[in-house]
Amino acid sequence: ILLKLVDRLADDPDLRAERSVVLRALWRVADPAAVPKLKEVMKEDDRHMRQEAVRALAHIRTPEAIEAALTALDDPASRVRRLAAISLERAQAEFPPGIVVKRLEAEEEPRVRAPLFVLLVQGLGARAIEWMQERWEKASSSDRVAMLFALEELPVPETLPLLERGLRDPDPLVVTRAVYNLGALGDAEAVKRLRLAVHSPSWSVARAAVEQLVGLRTAGAGETVAERLLKVELFRVVRQADQRYRPEILADAVTSLGYTEALEGLKRATAKQEDPVLIDSLQRNIQQLEAWKANGDGLDLWIEATRSDRREIRVLAYRRLAALGGEEAAKTLVGAFGRVEAEEGLEILRAAGEMNDAQVLTLL
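In short, a report on the structure.

Cut-offs applied
Residues numbered from 1 in each chain as written. Predicted model: local features only at pLDDT ≥ 70, side-chain atom pairs only at ≥ 80, totals over all residues. Heavy atoms only, no water. Axes fitted to C-alpha atoms, helices over the stretch in contact; angles between N-to-C directions. Helix = DSSP H or I, 4+ residues; strand = E, 2+ residues; numbered from the N terminus. Left-handed = near helix turned anticlockwise from the far one by under 90°. Contact = heavy atoms within 4.5 Å. Nonpolar A, V, L, I, M, F, W, Y, C, P; charged D, E, K, R; others polar. Buried < 20%, exposed > 50% of the residue type's maximum accessible area, 1.4 Å probe, protein only. Expected span 1.5 Å × (residues − 1). 1 Å grid on protein atoms, 1.4 Å probe; cavity = no way out; pocket = protein on both sides within 12 Å on 5 of 7 lines; lining within 4 Å. Points joined across faces, edges and corners; volume = space filled by probe spheres on them. Salt bridge = Lys/Arg side-chain N within 4 Å of Asp/Glu carboxyl O. Phe/Tyr/Trp six-rings, centres within 6.5 Å; stacked < 30°, edge-to-face > 60°. Lys NZ or Arg CZ within 6 Å of the ring centre and 35° of its normal.

Here we come to the packing of helix H11 (residues 160-167) against helix H12 (residues 172-185). It is at 8 Å that the axes of H11 and H12 come closest, and there the two elements cross at 145°. In the crossing of H11 with H12, the sense of the turn from one axis to the other is left-handed. Of the residues in H12, those in contact with Leu160, Leu163, Gly166 and Leu167 of H11 are Val174, Val175, Ala178, Val179, Asn181, Leu182 and Leu185. Among the residues forming the contact of H11 with H12, the class breakdown is nine nonpolar, two polar and no charged.

Right, dumping it as C-alpha cells:
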C-alpha cells in the first residue's frame, strides 16, 4: 500500500507533504521490499524527498539498502548528506569505515562533517583517536568541537591526551566541549582536570566543569567549587544584577555536593552583599547547608525535615532520602507526594527517580 502511494502522490505538488509522510512510514516499516522504490526516489530532483528516502534506506539492514544510503554521502545537497550521516549513525549501520574517512577528506560543509565524525568513531572505535590526533592542529575550531563531541560516546582513558589538547585550545567552545568529555570519562585523572577547569577565566568553561563535578559527586569537588564561589564570585560585592546568576549557580552546586565546610565563609560573603535577590538566594543555600550539617546521614532526621515549613529544606530532604535509600525513605517520598503542590511534586519525582524501590515504581 505504501509503495503504491509513493507513485500515486508523486505528480501532485499539493500532496508533497503527504508523500513525505508515506516515505517516513517506509522508514518505520524498514522492509527490504521498499529498497528498489527508495532508490528511485533518491534520483529525484526534490531534495526533501531524497532526505526521506535516505533515512529509510539507512534503517533497512540489507547490503543493498546500506550501499544506497552511503551514496547519499555524495549528494549535491548538504542537508541530504548530513541526514545520511546522522541516519547511518542512528541506525548503527555496519560498513567499511574507510568510506567515512574518504568522505571527510572531501566534505567542506561543517554541519555535514560533524555527524561524519560520529560515524568515524562508531566505525573505528578507539582507532579514531589517533586519526583525530594527527589532524587536530590543522582542523578548524568547528571540527575540533565536532571531534570531541563524537568522542564523548567513547569514554576511555586513551582519549585523555586529545582532551588535554582541547583544554588548552584558544577557542572556549572547544575547551567547554573537552570539559563535557572529561565528565563522561569520569576517572581520577579526568576529575583532577575538571577541578582545575573550575578556575578557568572563561565562565562557560568553569560552569561546565562545575556541572560535571556535581554529576560525578567526587571527593574534593565541593571544596573546589566553594573556592571559586568565595574567592572569586563573592570576593567583592556583586553590583551588577546580570552577574548574580554566577554565585547562585555555584552556591547551589556547593549545596548539592553537601560541602558544609563552606558554611561560615558563605555566611560572611552573604553579609556584605547588597542585592536583595542574591542575598535571598544565598540565604536559602545557607539554610540547606545548616540542615545538612545538623542531619548528616540521619534517616529519621531527614524524614522529619520533609515536614519543614521551609520549601528549600523539604526539597533537600527529598534528595537526601533518595541518596540514603531504603524502604522508609521510599515510603516517606511516596507519602509526601500527595500533600504538596505540583512544582514540589516534580522535585519528589526527580529524587525518587534515583531509587529502585517497589513503592517508588508504583508512584511513578
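With that settled, the discussion passes to the side chain of Arg177. Structurally, the position occupied by Arg177 is in helix H12. Among the residues examined, Arg177 registers a relative accessible area of 13% and is labelled buried. In this structure Arg177 touches Val145, Leu148, Phe149 and Glu152, once residues within four positions along its chain are discounted.

Once that is clear, we can look at helix H14 (residues 203-216). Taking 1.5 Å of rise per residue, the 14 residues of H14 would be expected to cover 20 Å, and the 20 Å separating its terminal C-alpha atoms lies within 8% of that figure. Looking at H14, one finds that the buried residues are Trp203, Val205, Ala206, Ala208, Ala209, Val210, Gln212 and Leu213. The inward-facing, buried residues of H14 abut H12, helix H13 (188-197), helix H15 (221-233) and helix H16 (245-256). Once H14 ends, the next one or two residues include Arg217, with phi positive near 55°.

Applying the stated rule across the entire model yields one cavity of 30 Å³ or more. Counted as a void, the largest cavity has a volume near 30 Å³. Taken together, Leu151, Glu152, Leu154, Pro155, Thr159, Leu163, Asn181, Ala184 and Leu185 make up the lining of the largest cavity. No other element matches H12, which puts three residues into the lining of the largest cavity. In the lining of the largest cavity, the residues fall into six nonpolar, two polar and one charged.

Examined against the element boundaries, Leu57 turns out to sit in helix H4 (residues 47-58). Judged by its relative accessible area of 0%, Leu57 falls in the buried class. For the pair formed by Leu57 and Arg207, sequence separation is 150 residues and the distance between their alpha carbons is 41 Å.

The final tally for this structure, using the stated rule, is 34 salt bridges. Here Glu107 and Arg103 are joined by a salt bridge, their closest N and O atoms 3.1 Å apart. An identical accessibility class is assigned to Glu107 and Arg103; each is buried. Linking Arg244 and Asp275 is a salt bridge whose minimum nitrogen-to-oxygen distance equals 2.9 Å. Pair noted here: Arg244 is in the loop between H15 and H16 and Asp275 is in the loop between helix H17 (263-271) and helix H18 (276-295), with a separation of 31 residues, a long-range link. Its relative accessible area of 12% is what places Asp275 among the buried residues. Residues participating in the shared-partner salt-bridge network are Asp74, Arg81, Arg103 and Glu107.

Mapped onto the elements, Gln288 comes out in helix H18. Taking the C-alpha atoms as reference, Gln288 lies 9.0 Å from Gly258; in sequence the two are 30 residues apart.

Tallying each qualifying case throughout the model produces two aromatic pairs. Ring centres of Trp203 and Tyr245 lie 6.0 Å apart, and the angle between their planes is 80°; this geometry places the pair in the edge-to-face category. Taken together, the residues Trp203 in helix H14 and Tyr245 in helix H16 connect sequence positions 42 residues apart. For Trp203, a relative accessible area of 9% translates into the label buried. Sitting above the plane of the Trp27 ring, Arg28 keeps its charged end 4.2 Å from the centroid. Directly above the aromatic system of Trp27 lies the positively charged group of Arg55, at a separation of 4.7 Å from the ring centroid.

Considering only enclosed or pocket space, the largest pocket measures out at about 370 Å³ in volume. In terms of lining residues, the largest pocket is bounded by 15 residues, among which Arg217, Ser256, Arg319, Arg320 and Glu354 are the most central. Within the residue set of the lining of the largest pocket, elements represented by two or more residues are H16, H18, helix H20 (311-324) and helix H22 (342-352). Among the elements that take part in the lining of the largest pocket, H20 stands out by supplying five residues, more than any other. Considered class by class, the residues forming the lining of the largest pocket number six nonpolar, three polar and six charged. Each pocket or cavity is described by its volume, and for the second largest pocket that value is around 310 Å³. Around the second largest pocket sit Asp252, Thr255, Ser256, Ser281, Arg284, Asn285, Gln288, Arg311, Glu312, Val315, Arg319 and Glu347, which together line it. For the lining of the second largest pocket, the elements supplying multiple residues, two or more each, are H16, H18 and H20. When its residues are assigned to classes, the lining of the second largest pocket shows one nonpolar, five polar and six charged.

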